[in-house]
Amino acid sequence: MLQQVNGHSSGSGAQGRASLKGDLREFLGGEVPLHQLDDLTKVNPVTLETVLRCLQARYAEDIFYTNAGCTLVALNPFKPIPQLYTPELMREYHAAPQPQKLKPHIFTVGEQTYRNVKSLIEPINQSIVVSGESGAGKTWTSRCLMKFYAVVAASPTSCENHKITERIEQRILNSNPVMEAFGNACTLRNNNSSRFGKFIQLQLNRAQQMTGAAVQTYLLEKTRVACQASSERNFHIFYQICKGATRDERLQWHLPEGAAFSWLPNPESNLEEDCFEVTREAMLHLGIDTSTQNNIFKTVEQSPGALVLCVMV
Ligand SMILES: Nc1ncnc2c1ncn2[C@@H]1O[C@H](COP(=O)(O)OP(=O)(O)OP(=O)(O)O)[C@@H](O)[C@H]1O
Ligand SMILES: [Mg+2]
């Protein structure tokens, strides 16, 4: 039976396999080093091995983004790469005549989407889908995109406008630590695993400036409040309160120093996500005043079941 293998037709199964092996050898030993292939559509033959070898070669060279046609493949570097996310680099992608000609980056996706909104006479909503397994970097990537838009979609003319836009952008970015405190937890795969899905809508005006955002959350893993797998933890907010509450707050919330709770396993692991101050600060910027915050934390601490209510705030 005739078979089509990556564009090559082969007479028989054995013949096809031999020719594929030959192509594979030729590709892997080819002149172009694998890490220089910045688009997986250039990989030939397209097999699991060639694609993974190409991504592996790029990863070894600290190249974490690769195009696959109009899709971007992002690998988690598992280490901070600050120079890859600077505001200067955001502006470079934003100002580039053809951002797709620059190195593959999440900013190319952000910029192209932004230009799509801009170039259409009747604005049409654009969507970016961020998907991957737990720990792949979805939350990180969405944060990156929000930061990118906070930088590029903010160029108002008047001083008053500038203040308003700054406030809106800051509030949009501040929604992340709050959502993550109440909806993320440490799991075996990810110290900051999102235990809910979210649909983030960024709203632009006709001048393509950011004017607001709406976040819809769904499928919160409510059962985690009462039951966690061994070596995993409850939602970050509980640990933040236990570790970060002041003396007065402890008295008010009946929370003795160093108390152990069976529904708060593994409190000894100190994560950067345990910082109560970051959550409080972000809530304040979102317009949740200290007294409302106190009521929320009191409810959370005294009745873990109320967590779900607080997530809706
Ligand atoms: N581009 C990146 N640069 C540096 N570190 C990263 C990057 N992407 C991810 N990480 C690291 O990997 C961790 C896990 O990423 P993230 O929380 O985004 O995964 P996720 O896909 O949202 O997982 P989950 O489905 O469990 O929520 C982050 O806390 C961060 O430390
Ligand atoms: Mg996540």
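For the structure, check the block above.
Residues numbered from 1 in each chain as written. Chains lettered and ligands numbered in written order. Predicted model: local features only at pLDDT ≥ 70, side-chain atom pairs only at ≥ 80, totals over all residues. Heavy atoms only, no water.

Visitor: Help me out: how do you make sense of the coordination of the magnesium ion (ligand 2) in this one?
Guide: As a benchmark, a tetrahedral metal site with four donors has ideal angles of 109.5 degrees, while an octahedral site with six donors has ideal angles of 90 or 180 degrees. The protein atoms donating to the magnesium ion (ligand 2) are T139 (OG1) and S194 (OG), with metal-donor distances spanning 2.0 to 2.1 Å. With T139 in helix α5 (residues 138-152) and S194 in strand β6 (residues 193-194), this residue pair connects regions lying 55 residues apart in the sequence. Taking relative accessible area as the criterion, T139 reaches 15% and is therefore assigned buried. Judged by its relative accessible area of 23%, S194 falls in the partly exposed class. (Donors = N, O, S within 2.8 Å, 3.2 Å for Na, K, Ca; no water. Helix = DSSP H or I, 4+ residues; strand = E, 2+ residues; numbered from the N terminus. Buried < 20%, exposed > 50% of the residue type's maximum accessible area, 1.4 Å probe, protein only.)

Visitor: Is there a simple way to think about the packing of helix α9 (residues 276-285) against helix α10 (residues 290-302) in this case?
Guide: Each pair of packed helices can be summarised by the angle the axes make with each other and by the distance between the axes. Contact pair α9 / α10: the axes reach a minimum separation of 10 Å and the direction vectors enclose 130°. As judged from the angle between their axes, α9 and α10 are oblique. Judged by the twist between their axes, the crossing of α9 over α10 is right-handed. Facing F276, R280, M283 and L284 of α9, the residues of α10 in contact are T290, Q293, I296 and F297. When its residues are assigned to classes, the contact of α9 with α10 shows five nonpolar, two polar and one charged. (Axes fitted to C-alpha atoms, helices over the stretch in contact; angles between N-to-C directions. Parallel < 35°, antiparallel > 145°, perpendicular 65-115°, else oblique. Left-handed = near helix turned anticlockwise from the far one by under 90°. Contact = heavy atoms within 4.5 Å. Nonpolar A, V, L, I, M, F, W, Y, C, P; charged D, E, K, R; others polar.)

Visitor: How should the site of ligand 1 be read in this particular structure?
Guide: Close contacts around ligand 1 come from 16 residues, with S134, G135, K138, T139 and S193 the closest. Interatomic distance of 3.0 Å between a backbone N/O atom of G137 and an oxygen atom of ligand 1. With the chains in place, 86% of the 630 Å² that ligand 1 exposes on its own is no longer accessible. Mapped onto the shell around ligand 1, the elements with two or more residues apiece are α5 and β6. No other element matches α5, which puts three residues into the shell around ligand 1. Broken down by class, the residue content of the shell around ligand 1 amounts to four nonpolar, nine polar and three charged. (Near = heavy atom within 4 Å. Polar contact = N/O pair within 3.5 Å; in protein donor to acceptor, adjacent residues only side chain to side chain. Areas by Shrake-Rupley, 256 points an atom, 1.4 Å probe, with all protein chains shown as cover.)

Visitor: What should I look at first to understand the side chain of Q293 in this one?
Guide: Summarising the element assignment, Q293 is placed in helix α10. Residue classification places Q293 among the buried positions, given a relative accessible area of 3%. Among the polar contacts made by the side chain of Q293, one reaches the main-chain carbonyl oxygen of R280 at a distance of 3.2 Å. Apart from residues lying up to four places away in sequence, Q293 is in contact with R280, M283, L284 and I288.

Visitor: Can you walk me through the pairing of strand β8 (residues 210-218) in this structure?
Guide: One face of the sheet, then the other: side chains in a regular strand alternate in exactly this way. When strand β7 (residues 197-204) meets β8, the two strands line up antiparallel, connected through eight bridges. Bridging from a neighbouring strand, Q203 pairs with G212 of β8. In sequence, β7 turns back onto β8 through a hairpin of five residues, with Q208 there showing a positive phi of about 60°. (Pairing = 2+ DSSP bridges.)

Visitor: Honestly, the pattern of salt bridges in this entry has me stumped. Any pointers?
Guide: Side-chain pairing between opposite charges can occur once the charged atoms of the two side chains come close. Under the criterion given, the structure shown has 14 salt bridges. For D62, the salt bridge identified is with K79, shortest N-O distance 3.1 Å. Of this pair, D62 sits in the loop between α2 (48-60) and β3 (65-68) while K79 sits in the loop between β4 (71-74) and α3 (87-95); the two residues are 17 residues apart in sequence, bridging distant segments of the chain. For K79, a relative accessible area of 41% corresponds to the partly exposed category. A cluster of three or more residues bridged by salt bridges with shared partners is formed by R195, E221, R224 and E232. (Salt bridge = Lys/Arg side-chain N within 4 Å of Asp/Glu carboxyl O.)

Visitor: For this particular structure, what's the right way to read the packing of helix α7 (residues 236-244) against α9?
Guide: At a minimum axis separation of 8 Å, α7 and α9 run at an interaxial angle of 110°. With respect to their mutual orientation, α7 and α9 come out roughly perpendicular. Between α7 and α9, the contacting residues are I237, Q240, I241 and G244 on the first element and F276, T279 and R280 on the second. Along the lines of polarity and charge, the residues of the contact of α7 with α9 split into three nonpolar, three polar and one charged.

Visitor: Even after reading the chapter, I still don't get the environment of L204, so can you show me in this structure?
Guide: Considering the arrangement of structural elements, one finds L204 in strand β7. Using a relative accessible area of 30% as the deciding quantity, one classes L204 as partly exposed. The spatial distance from the C-alpha of L204 to the C-alpha of V117 is 9.2 Å, given a sequence separation of 87 residues. Aside from chain neighbours lying at most four places away, what touches L204 is Y114, V117, A153, Q209, M210 and T211.

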